[in-house]
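Secondary and tertiary structure notes
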Amino acid sequence: MQKIAVFPGSFDPVTIGHESIVLRAIPLFDKIVVAVGVNADKAGFFPVEQRVEWLKKVFENYPSVEIKTYEGLTVEFCKKNNIGFILRGLRTSADFEFERSIGQINKQLYPEIENVFLLTTPEHTALNSSIVRDIIRNNGDATPFVPKQVKFP
Ligand code: ADP
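Model, not experiment: these values are computed from the prediction. (Residues numbered from 1 in each chain as written. Predicted model: local features only at pLDDT ≥ 70, side-chain atom pairs only at ≥ 80, totals over all residues. Heavy atoms only, no water.)

The local shell around the ligand holds 14 residues, among which Ser10, Phe11, Gly89, His124 and Leu127 are the closest. Backbone polar atom of phenylalanine 11 to an oxygen atom of the ligand: 3.0 Å apart, as the coordinates give it. Separating a nitrogen atom of the ligand from a backbone N or O atom of leucine 127 is a distance of 2.8 Å. Here the ligand has 550 Å² of accessible area as a free molecule, and 85% of this is covered by the chains. (Near = heavy atom within 4 Å. Polar contact = N/O pair within 3.5 Å; in protein donor to acceptor, adjacent residues only side chain to side chain. Areas by Shrake-Rupley, 256 points an atom, 1.4 Å probe, with all protein chains shown as cover.)

All right, on to the pairing of strand β4 (residues 85–90) then. Looking at chain direction, strand β1 (residues 4–9) and β4 are connected through two bridges and run parallel. Each residue of the ladder has a partner; that of alanine 5, found in β4, is phenylalanine 85. By the bridge criterion, six bridges tie β4 to strand β5 (residues 114–119) in an arrangement that is parallel. Paired with leucine 90 across the strands is leucine 119, a residue of β5. Taken together, β4, helix α4 (residues 93–109) and β5 constitute a β-α-β crossover, and its handedness is right-handed. (Pairing = 2+ DSSP bridges. Helix = DSSP H or I, 4+ residues; strand = E, 2+ residues; numbered from the N terminus. Right-handed = clockwise from strand over helix to strand, strands pointing away.)

With that out of the way, let us pick up the packing of aromatic side chains. Summed over the entire model, instances satisfying the criterion amount to seven aromatic pairs. Their ring planes at 50 degrees and their centres at 5.3 Å tell us that phenylalanine 29 and phenylalanine 85 sit as a pair that is tilted. Separated by 56 residues along the polypeptide, phenylalanine 29 in the loop between α1 (16–25) and β2 (31–37) and phenylalanine 85 in strand β4 bring together distant segments of the chain. Of the residues examined, phenylalanine 85 reaches a relative accessible area of 22% and is grouped as partly exposed. (Phe/Tyr/Trp six-rings, centres within 6.5 Å; stacked < 30°, edge-to-face > 60°. Buried < 20%, exposed > 50% of the residue type's maximum accessible area, 1.4 Å probe, protein only.)

The structure is reproduced here in structure tokens:
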């Protein structure tokens, strides 16, 4: 059976931290679905279409990486798409506590799923999409924090 993982998130926008986790996970799985969670009640900072377009560009040279959007529960998306692994990055102990509860609940909802966590590399530990959004809102230069394919309008 194919080993398929989902890397779920908002990716608003994708950062070099996200990029690094996916690149490191490529050798571990036959396929990785980077899945942009869409919340009908929450628009986000960048439009979903823009976030997807950036992700497609970032991973265009990696045939085992696919970009999708989904609504609703991550485990339902996994069931529908034959996905057996949920991939997440761990930056801090706060991430760990957050991921532990979601991961344990997801496992209860869908016992066939396994959660796989990769520790963030030290240089990416302080980085998150909300910092990037703050820099952009305040007219700063966010380019060091996003993959080179991401060009802000
Ligand atoms: P969410 O909306 O679930 O917080 P994000 O888009 O922020 O989604 O993150 C998606 C995944 O990427 C999460 O597993 C998160 O831990 C991981 N991640 C976010 N930022 C980094 C980073 N700087 N380094 C490594 N992993 C990261």
